[in-house]
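Structure assessment
This is what each chain is made of:
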Amino acid sequence: MNKVNVFGHKSGTLGKVNKVFDIETGLQLVVQNSGYSSGQRAHPQVGHFTQVAFDQSGQRLLAADHLGHFYLFDFGRGRFEHVLHTRHPCTALSFGLRDRRQFLAALADGDVRLLAIGQSGSGPASELASLSGHSAAVTGISPHSGGRYVLTTDPDVTLLWDVDARSRLRRLSVREDVQLLLASFVPTRNLILTAFRDDSLFLWDSETLQCRGQLPTPPPPLQLSGLSTGAEAELGPRYRSLDFTPDGRQLVACGRTRQVHVWDLDSLQMARVLELPASVGMQLCPLRQVAFASSSDAVRSVNLPETEADAGLKSSSSAQHQRRSLALLAVAHSGGVVCVSLGAGGGRSSGATLTNRLQSADSHVTRLAVTKDRLALVSSGQLLIHCLTTALRPESARAAMSARAAANAAAAAAAAADAAAWPAAEPVTDRTDRTAATATDSGGDTGRTYTIVSGRAAVAGGGENTAAFNALYNKGIHPAFLTLQDRFPLRSNKLGRVLQRSLSCVAFWSPLFGEADYLPLLAFPFVKLFQNSQLHSMEVLMTVLTNWCGHWFEYFPNPPLNILAIIENLIAYHDKELYAHLCARGVTSEILAWPLLQTLLTEVLTREEWLSVWDCLLCHPPGYLLYFVAGFTLLSRGPLLRATEVREFELYYRQPGCLGARDLVKQARQLRTRTPPEICPCRLLPAFAPLGGPQYPLFNRYPVFIVDYQVRERDRLREEERRYLEERRALETAQRRSETQRAEEAAWCRQQELLLAAEERRRAMLAQEETTLREQRRQLAAEQRRARVDELAALTAQRQRLRALQSRHRQVEAQRLGDQLGRRQRQTAAADLEDDIIDDEADGLDDDYDDNGSPGLMPQSGGASAGFGLVSELEGVCQDNGRLEADVGRLLDRLQAARDRLKTSGSAAVRKQKSALNAGTAASLQAAVAAAAANAEGHDDDDATTTTSQSSY
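Presented here is an overview of the structure given in this document. (Residues numbered from 1 in each chain as written. Predicted model: local features only at pLDDT ≥ 70, side-chain atom pairs only at ≥ 80, totals over all residues. Heavy atoms only, no water.)

Counting secondary structure elements, the chain contains 26 helices and 33 strands. Sorting the 953 residues of the chain into buried and exposed places 46% on the buried side. Looking at the chain alone, contacts between residues at least 24 apart form 61% of all its contacts between residues at least 6 apart. For the chain, the exposed surface amounts to about 46,700 Å²; the carbon and sulfur share of it is 52%. (Helix = DSSP H or I, 4+ residues; strand = E, 2+ residues; numbered from the N terminus. Buried < 20%, exposed > 50% of the residue type's maximum accessible area, 1.4 Å probe, protein only. Contact = heavy atoms within 4.5 Å. Areas by Shrake-Rupley, 256 points an atom, 1.4 Å probe, with all protein chains shown as cover.)

Next comes the structure, spelled out in structure tokens:
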């Protein structure tokens, strides 16, 4: 078994990665990751692989372990490399971007990194960008079929990224109450599928992000061992993995039961409910992952039990089977892996046929990745690489294949014994006659299996020289075939790579074959026949070149004139009329024989006819091929006689005709029996010689000096072309640099112009803003003036109202004082009357006094002085309008006191003084009222003056 341990290695070889070691499961390679770290010999360190992903070509596999190491396995080159190491383990991995070297890796810290492998497809990976935005570990990465957009999913959120712009486009809103299981682009369609933990599935338009609908969820199975109806309803499908068909028209999902649900995405309806066979042993074991096997070869192997070589031949029938069924890989939660064939099935609920059990239940498979020709499984931390064609082959076909392999081995041994017994110049043996007779009787069809066995038997004569083959294979691609896929594009990339490597090995074996332009046409049918084995493909091609084409290169680079002369002699001997017609039309053997030899009859025969012809050729000496070439011309006698132009002859030998393999075999046998020994190709050309071993034989039957000259010239031209390309690249680089500089200068000039224009706009805006500000200030000043005038007018009006109120108050006060003065006058009159009475009484007293001789009255003078004092106080009170009322009150009080004193004194002098005082008081009061009125008029004049000044302002 081919085992590789990558622990602690930066790079290494994968060994025989294309060889199948286990015919039951198709196992090709086991990759381990365990060993001792430097300085720690006590305990070995084991790295468990957790994530795997194939690139778009299927020839490179990227695997990541739980320690953060990333390994790239290149099956085309047969090598592996350690490309990256991160501090966090990888949780999701995906290729599928526009640049095939780029891939996305999600780490446990929630970071998604965009990385790229070296320019040559190897070397350490470089980080291009970090797509940050997840708070939890990313569980899924889904690139769009165009390779530009990517969906990254964690249990809480889904983010849509533009990888080319290295930016996040949208944060897709999801249900907050249920965790997200998966968000994925649908292949070849502009749709997005979102799956939640509650088994709800939604489809969205990837351009408008509008919901297209919800997929219906089927009810849980009604009968499960050991579960009641309530438990079943509680169980439900609980989807764990989903996958799409390659055309994106159907969706398949698996979960906690052994049922697989299939939806039709066009109608958004449940298409089928598939139940895995009970023999799988998954009655209650949940399924971890499900995936479609998209390889057409794999589908053919499921439906058609063929051998590896036959898998590359039946295309029409396999295409029909491919439309009828698909192969499905299911990984159980317990770790077992099975392959089932899903028939078309007309019903809604149908079964699935178990075709193979890849891993048992105790193998602990945790993840798988599938491509068109390989299957990668992560089992117990190891990485297992399987051949998908063998892995998907049914068990019945595998038993038939084992029996057929035993029969083929016996037939190969017999064919090798016959090949060793061929004499150098004798005709064919009895076994050859019997084989040819069998081919003739059966219509020229001895079976494709015999072609493979005979070809391998021809190689078995020299043994499988693995060491010599590896020495040639490790030299890589020959310079003459670097552009082979551009000159000869093939639909199958695998077949193109095998053809390129086989031709490169042959060219390294002999420089001649690097100069033969027609070698790809000659080698293609053999390489296609043995494309599953690079060693057999190259050795069969070398055997054909050394035996059937050994004397073609003696006149190189011209056509093989010696071989063409033999064919021309055969035609001239057996049909002189046809030969004369060809000579008359100028048709030489270079036109009628060389195209058939260059392609070994593949252009004029169908595949089945070509295989039947080579069934016969492999049982005869190498010269027998010339009988078939001459026989083709002789059988085409009618069309060739009617042709008149050389172009018609050229076209006839370049397209399939109406001749069958049976007619060719009969014609060749007749030519062999009727041809004289002098021109017999089997006698003129050497017998079959195997390759031998342990090294391949030296091939030098060609003009060495011409080939060496051509090789030197081609090397010189290639060197000149390389220098020219380097100079051209340098010129293009200089031109790009110059264009870049001009673009930068133009961009700088545009930037300066934009800055100047922006500066001018800024200045214009500032000027406009300044003008607007001035206008606003002017309007504000006018508003302020209007507000001030209105305020002054309001103050003036208020002051006028206050002055009017004060004037009215003074008038009221003056009227009150006048009324009070009248009352005082009336009281004074009454007092005068009383004074008169008192005077009369006083006169009487005076008379009595005079009679008695009393001295003069002193109180009279005292009373008179007191009255005059009151008059002066009354004048002071009249000067102050504010204290008029109080002063009048006090004056009246004093008058009352004076009256009282006058009453007591009773003198006439006192009465006179009293009257004078009353007269003075009245005059003073009148003067005070007049002064108050004048003061009020003065205030009114002041208010009028103020109003006039405000109006003028």
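Viewed as axis vectors pointing N to C, helix α11 (residues 519–529) and helix α12 (residues 534–547) meet at an angle of 130°, and their least axial separation amounts to 9 Å. Taken together, the axis directions place α11 and α12 in an arrangement best described as oblique. Crossing angle aside, the handedness with which α11 passes α12 is right-handed. Counting all contacts with α11, which are made through L519, L522, A523, F526 and V527, the residues of α12 involved are S537, V540, L541, V544 and L545. By residue class, the composition of the contact of α11 with α12 is nine nonpolar, one polar and no charged. (Axes fitted to C-alpha atoms, helices over the stretch in contact; angles between N-to-C directions. Parallel < 35°, antiparallel > 145°, perpendicular 65-115°, else oblique. Left-handed = near helix turned anticlockwise from the far one by under 90°. Nonpolar A, V, L, I, M, F, W, Y, C, P; charged D, E, K, R; others polar.)

Before going further, it helps to spend a moment on the sheet that holds strand β15 (residues 149–153). Backbone hydrogen bonds are what pair the strands of a sheet, in a parallel or an antiparallel way. Read from one edge of the open sheet, four strands run β14-β15-β16-β17, paired in antiparallel fashion. Here the strands that pair on one side only, and so sit at the sheet edges, are β14 (140–143) and β17 (167–172). Sheet twist, expressed as the average angle between the axes of neighbouring strands with direction ignored, equals 20°. Bridge count for strand β16 (residues 158–162) against β17 is five bridges, and the pairing is antiparallel. The residue bridging L160 from the neighbouring strand is R170, located in β17. (Pairing = 2+ DSSP bridges.)

The tally for this structure, following the rule as stated, stands at 30 salt bridges. Residue E720 pairs with R716 through a salt bridge whose shortest N-O separation is 2.7 Å. Of this pair, E720 and R716 both sit in helix α23 (residues 704–852), four residues apart, which is roughly one turn of the helix. Of the residues examined, R716 reaches a relative accessible area of 38% and is grouped as partly exposed. In this structure, a network of salt bridges that share partners links the residues R98, R148, D162 and D164. (Salt bridge = Lys/Arg side-chain N within 4 Å of Asp/Glu carboxyl O.)

A complete count under the given rule lists 24 aromatic pairs for this structure. Between the aromatic rings of F196 and F202, the centroid separation amounts to 6.0 Å while the plane-to-plane angle is 80°, which identifies the pairing as edge-to-face. The same class applies to F196 as to F202, namely buried. Arranged with centres 5.5 Å apart and planes meeting at 90°, the rings of F513 and F553 form a pair that is edge-to-face. Note that F513 is positioned in the loop between α10 (493–509) and α11 and F553 in the loop between α12 and α13 (561–574), a separation of 40 residues in sequence. The exposure class assigned to F513 is buried, which follows from its relative accessible area of 0%. The buried category is assigned to F553, whose relative accessible area is 1%. An aromatic cluster is present here, built from F526, W548, W610, W614 and F688 joined pairwise through their rings. The residue whose ring lies beneath R501 is Y473, and the NZ or CZ to ring-centre distance is 3.9 Å. Taking NZ or CZ as reference, K576 lies 5.8 Å from the ring centre of Y573, over its face. (Phe/Tyr/Trp six-rings, centres within 6.5 Å; stacked < 30°, edge-to-face > 60°. Lys NZ or Arg CZ within 6 Å of the ring centre and 35° of its normal.)

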